[in-house]
Amino acid sequence: MGEMDDEMNDVSDRTCWGFETRAVHTGQEPDAASGAVVTPITLSTTFAQEGVGIHKGFEYSRSGNPTRAALEACLASLENAAFGFAFASGLAAEDNIIRLLQQGDRILLGNDAYGGTFRLISKVWSPLGFPWSAVDLTDIDALATKWPADTRMVWLETPTNPLLTCVDIEAIATLAHSHGALVVVDNTFATPYLQQPLTLGADIVVHSATKYLGGHSDVVGGFVALNDPTLADRIRFTQNAAGAIPAPFDCYLVLRGVKTLAVRMDRHCSNARAIVDLLVGHPAVDRVLYPQLPDHPGHAAASRQMRDFGGMVSFTCRGGEAAALEVVKHTTIFTLAESLGAVESLIEHPGLMTHASAAGSPLQVPASLVRLSVGIESSADLVADLAQALDRV
Ligand SMILES: *Cc1c(COP(=O)(O)O)cnc(C)c1O
């Protein structure tokens, strides 16, 4: 064998496939019946049995569906997880994870988190007897000294929404595990292409597939990935028993999105860098929040655990809330809208939009804050669009 041959991957071993290959092919073999290259959307709610309990792995579509199974196999593989479960939304996925707890078990939530996660924990689960605290997950020493003894789950985002704070997953996992608590990482912002939390010691990964995984602002979905078989059995049970499953068509849309995840993320990241360069030098801008910036508090953790720094950029305006509201009103290509992670660029005011429910809480965000989801359009157009909006204030 020549030198070239030595370096070649053994493609017959599917577990050795690279990320991009698994995104396109894992769980998505050509259909056995027809040869269809694209995973069929199986709408059937029920599946024929040869004899009682003798079937091809599917009985009833809430319990299992071939299109959903393809998505689950693909996404689990991308997160380096043994098990994956798809849900109707990111919040449905989160809700199923919290159901692993017993009454009285405390959830530690990072003090900069998605507003809907905060609402689910504080308004739905807390009144049912599940205590929670908002904590600074970036200060490991302080957390270690004032660790609440009843903590059973640490819930973290990194980078966070909307301040893009980065949390050291490995350090939190070590601390939490020494106290017998599970670590859940919301990997929505980073995606498995940029960061793989299970490999860093996290127990459970959760996604809003509505964002980068779907990637085209046309499907709502959620996902849970994990390695522990006992926890997986319980998530599988709740997925079926509580029934917050995604429709087959929605599974198809997420699967279609995931095929291009790697190439989209590369462009999201490079476009975000162009936007950051503009913001850093602009007189209307006070602070630029992007983990690649050396003065960003999450820079060290992000550099260690992420492949690149992502497509989300936040900044505060020198002119306060009034200036922030002016900027978000005057962009042309950046659309004023909630959500994130799709091909088109979005701009929003977290204080009055995505994070309005956190007002008055420890998760409240600055009124001068603007959040950008940088899309995959021409970077020169995006820079020009944002520059003309900033020049007004
Ligand atoms: C959107 C989002 C969620 C919630 O997901 P849905 O699909 O909207 O239910 C959770 N976490 C993060 C970080 C999000 O951005």
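Conventions and cut-offs
- Residues numbered from 1 in each chain as written.
- Predicted model: local features only at pLDDT ≥ 70, side-chain atom pairs only at ≥ 80, totals over all residues.
- Heavy atoms only, no water.
- 1 Å grid on protein atoms, 1.4 Å probe; cavity = no way out; pocket = protein on both sides within 12 Å on 5 of 7 lines; lining within 4 Å.
- Points joined across faces, edges and corners; volume = space filled by probe spheres on them.
- Nonpolar A, V, L, I, M, F, W, Y, C, P; charged D, E, K, R; others polar.
- Domains from an automatic or database assignment.
- Helix = DSSP H or I, 4+ residues; strand = E, 2+ residues; numbered from the N terminus.
- Contact = heavy atoms within 4.5 Å.
- Buried area = accessible area lost by both parts, 1.4 Å probe.
- Salt bridge = Lys/Arg side-chain N within 4 Å of Asp/Glu carboxyl O.
- Near = heavy atom within 4 Å.
- Polar contact = N/O pair within 3.5 Å; in protein donor to acceptor, adjacent residues only side chain to side chain.
- Areas by Shrake-Rupley, 256 points an atom, 1.4 Å probe, with all protein chains shown as cover.
- Buried < 20%, exposed > 50% of the residue type's maximum accessible area, 1.4 Å probe, protein only.

1. What to know about the layout of surface pockets
So, step 1. Here the largest pocket defines a volume of roughly 370 Å³.
So, step 2. Considering the residues around the largest pocket, the lining is formed by 19 residues, among which Asp31, Ala32, Thr42, Phe58 and Pro66 are closest to the centre.
So, step 3. Of the residues belonging to the lining of the largest pocket, the class tally is nine nonpolar, six polar and four charged.

2. Looking at empty space enclosed by the protein
So, step 1. This structure, assessed with the given rule, holds two cavities of 30 Å³ or more.
So, step 2. Forming the walls of the largest cavity are Pro159, Leu164, Phe189, Ala190, Pro291, Met306, Phe309, Gly310, Gly311 and Met312.
So, step 3. Its residues assigned to classes, the lining of the largest cavity shows eight nonpolar, two polar and no charged.
So, step 4. Both domains that furnish three or more residues to the lining of the largest cavity are identified here as domain 1 (14-258) and domain 2 (262-390).
So, step 5. Within this model, the second largest cavity holds a volume of roughly 30 Å³.
So, step 6. For the second largest cavity, the full set of lining residues is Leu71, Ala86, Phe87, Ala209, Val219, Val220, Gly221, Gly222, Pro246, Asp250, Cys251 and Val254.
So, step 7. If you list the elements that add at least two residues to the lining of the second largest cavity, you get strand 1 (83-87) and helix 10 (248-259).
So, step 8. Of the residues assigned to the lining of the second largest cavity, the class counts are nine nonpolar, two polar and one charged.

3. Digging into the domain arrangement of the chain
So, step 1. Partitioning the chain into structural domains gives domain 1 (14-258) and domain 2 (262-390).
So, step 2. Of note, the centres of domain 1 and domain 2, computed from C-alpha atoms alone, are 25 Å apart.
So, step 3. Contacts between the two partners involve 39 residues from domain 1, matched on the other side by 41 residues from domain 2.
So, step 4. Across the domain 1/domain 2 interface, buried area totals approximately 3200 Å², and carbon plus sulfur atoms make up 62% of it.
So, step 5. Looking at the side of domain 1 facing domain 2, the largest losses of area belong to Tyr193, Leu194 and Tyr212, adding up to 25% of the total buried there.
So, step 6. Arginine 304 is paired through a salt bridge with aspartate 168; the nearest N and O atoms lie 2.9 Å apart.

4. Details of the site of the ligand
So, step 1. In the vicinity of the ligand lie 14 residues, with Gly90, Asp186, Ser208, Thr210 and Lys211 positioned nearest.
So, step 2. Within the contact set of the ligand, an oxygen atom lies 2.8 Å away from a side-chain nitrogen or oxygen of serine 208.
So, step 3. A distance of 2.6 Å separates an oxygen atom of the ligand from a polar atom in the side chain of threonine 210.
So, step 4. For the ligand, the protein covers 93% of the area, taking 380 Å² as the surface of the free molecule.
So, step 5. The residue makeup of the shell around the ligand, split by class, is four nonpolar, seven polar and three charged.

5. Observations concerning the pattern of salt bridges
So, step 1. For the coordinates displayed, the defined rule picks out 10 salt bridges.
So, step 2. Among the salt bridges present, the one from arginine 14 reaches glutamate 29, with a minimum N-O distance of 2.8 Å. Remark: glutamate 29 occurs in the loop between helix 2 (19-25) and helix 3 (66-78) and arginine 14 occurs in the loop between helix 1 (3-7) and helix 2; sequence separation between them is 15 residues.
So, step 3. On the basis of relative accessibility, which here comes to 39%, the residue glutamate 29 falls in the partly exposed class.
So, step 4. Aspartate 233 is paired through a salt bridge with arginine 236; the nearest N and O atoms lie 2.8 Å apart. Here aspartate 233 pairs with arginine 236, and both are found in helix 9 (residues 229-242), just three residues apart, close to one helical turn.
So, step 5. Taking relative accessible area as the criterion, aspartate 233 reaches 47% and is therefore assigned partly exposed.

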